Amino acid sequence: KDGDLYATGYNPNGQLGMGTFNDTASFTHVASDVSSVSAGLSHTMIIKDDGSLYGAGNNRYGQLGIGTISDSEPSFAFVMSDVSSVSAGYLHTMIIKKDGTLWATGFNEHGQLGIGTYVNVAKPELVKF
C-alpha cells in the first residue's frame, strides 16, 4: 500500500531489479513509489506513482524498451512517461499510455507486437489500428 516494492527469488538476468545477478531467499527492497508491477519470463516492468515506466532484467530482444539491446539490465532503467498500465510477456512488453495509445517492444519474430513487421524492437513503438 505504501508503494515500496520488494523482490525475492531467482535472478540470473537481474530481473529482480536489485542491481545484481544474485538470487535472494529473503525479500529485498528494490523500488519506492511503485503503483504497478508486471513480471515476464525474465524481465520485470514497474510503473511509478508519477506514471513513469521502468524495466529490469533480460533485454536480449529489447523487451525492456530502453532503446538498446543488451543481455541484461540488473537495475530498473527508465523507459517512458505517462504510462497507465504495462504487461510483461514472454520476451516482449505491451504498454498502455494515459492517452489510451498502445505501445509494444521486444521479441516480434512472429508479429506478436502488432506493429506490422516481424522485426524485434528495442524502443516502444506505437501500435496502430
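Residues numbered from 1 in each chain as written. Predicted model: local features only at pLDDT ≥ 70, side-chain atom pairs only at ≥ 80, totals over all residues. Heavy atoms only, no water.

**Q** So what exactly am I meant to see when it comes to the pairing of strand β5 (residues 53-59) here?
**A** Burial analysis of β5 places six of its seven residues in the buried class, the great majority of the element. Inspection of the sheet shows strand β4 (residues 43-48) paired to β5 by five bridges, in the antiparallel sense. Across the sheet, residue threonine 44 finds its bridge partner in β5, namely alanine 56. In textbook terms, the turn of a hairpin is the stretch between consecutive antiparallel strands, and for β4 and β5 this stretch comprises four residues, one of which, glycine 51, has a positive phi near 85°. In this structure, β5 lies alongside strand β6 (residues 70-80), joined through six bridges in antiparallel fashion. (Buried < 20%, exposed > 50% of the residue type's maximum accessible area, 1.4 Å probe, protein only. Helix = DSSP H or I, 4+ residues; strand = E, 2+ residues; numbered from the N terminus. Pairing = 2+ DSSP bridges.)

**Q** Would you mind going over the sheet that holds β4 with me for this structure?
**A** With antiparallel pairing, four strands are arranged side by side in an open sheet as β3-β4-β5-β6. Among the strands making up the open sheet, the edge pair consists of β3 (34-39) and β6. For this sheet the average axis-to-axis angle between neighbouring strands, irrespective of direction, equals 10°. (Axes fitted to C-alpha atoms, helices over the stretch in contact; angles between N-to-C directions.)

**Q** Any chance you could explain a negative patch on the surface here in plain terms?
**A** On the surface, Asp2, Asp4, Asp33, Asp49, Asp50, Asp82 and Asp99 cluster together to form a negatively charged patch. Within the secondary structure, aspartate 33 sits in the loop between β2 (24-31) and β3. When its relative accessible area of 43% is taken as the criterion, aspartate 33 is described as partly exposed. (Patch = residues over 30% accessible without salt bridge, like charges linked within 9 Å, V, L, I, M, F, W, Y side chains within 5 Å. Areas by Shrake-Rupley, 256 points an atom, 1.4 Å probe, with all protein chains shown as cover. Salt bridge = Lys/Arg side-chain N within 4 Å of Asp/Glu carboxyl O. Lys, Arg positive; Asp, Glu negative; His and termini not counted. Charge placed at Lys NZ, Arg CZ, Asp CG, Glu CD.)

**Q** Before we go on, may I ask you to explain the environment of glutamate 125 in this structure?
**A** Of note, glutamate 125 is situated in strand β10 (residues 121-126). Each C-alpha atom, one on glutamate 125 and one on serine 35, is 23 Å from the other, the two residues being 90 residues apart in sequence. Sequence-distant contacts of glutamate 125, defined by excluding residues within four places in its chain, comprise Leu102, Trp103, Ala104 and Ile115. (Contact = heavy atoms within 4.5 Å.)

**Q** Could you clarify how one ought to interpret the environment of serine 72 in this entry?
**A** By the secondary structure assignment, serine 72 is in strand β6. Along the primary structure serine 72 and glycine 3 are separated by 69 residues, whereas in three dimensions their C-alpha atoms are 25 Å apart. Setting aside residues up to four positions removed in sequence, serine 72 forms contacts with Asn13, Phe21, Gly57, Asn58 and Asn59. A polar side-chain atom of serine 72 sits 3.5 Å from a polar atom in the side chain of asparagine 13. (Polar contact = N/O pair within 3.5 Å; in protein donor to acceptor, adjacent residues only side chain to side chain.)

**Q** It is not clear to me how the pattern of salt bridges should be interpreted in this structure. Could you clarify?
**A** It is possible for side chains of opposite charge to pair when their charged atoms get near one another. In this structure the tally under the stated criterion is one salt bridge. A salt bridge links aspartate 71 to arginine 60; the nearest nitrogen and oxygen atoms lie 3.5 Å apart. Residue aspartate 71 is located in strand β6, and its partner arginine 60 is located in the loop between β5 and β6; the two are separated by 11 residues in the primary sequence. Of the residues examined, aspartate 71 reaches a relative accessible area of 54% and is grouped as exposed.

**Q** Even after reading the chapter, I still don't get the pairing of strand β7 (residues 83-88), so can you show me in this structure?
**A** Consecutive residues of a regular strand have side chains that alternate between opposite faces of the sheet. Pairing between β7 and strand β8 (residues 92-97): five bridges, direction antiparallel. Residue pairing in the sheet places serine 87 in a bridge with methionine 94 of β8. Count of turn residues in the β7/β8 antiparallel hairpin: three residues.

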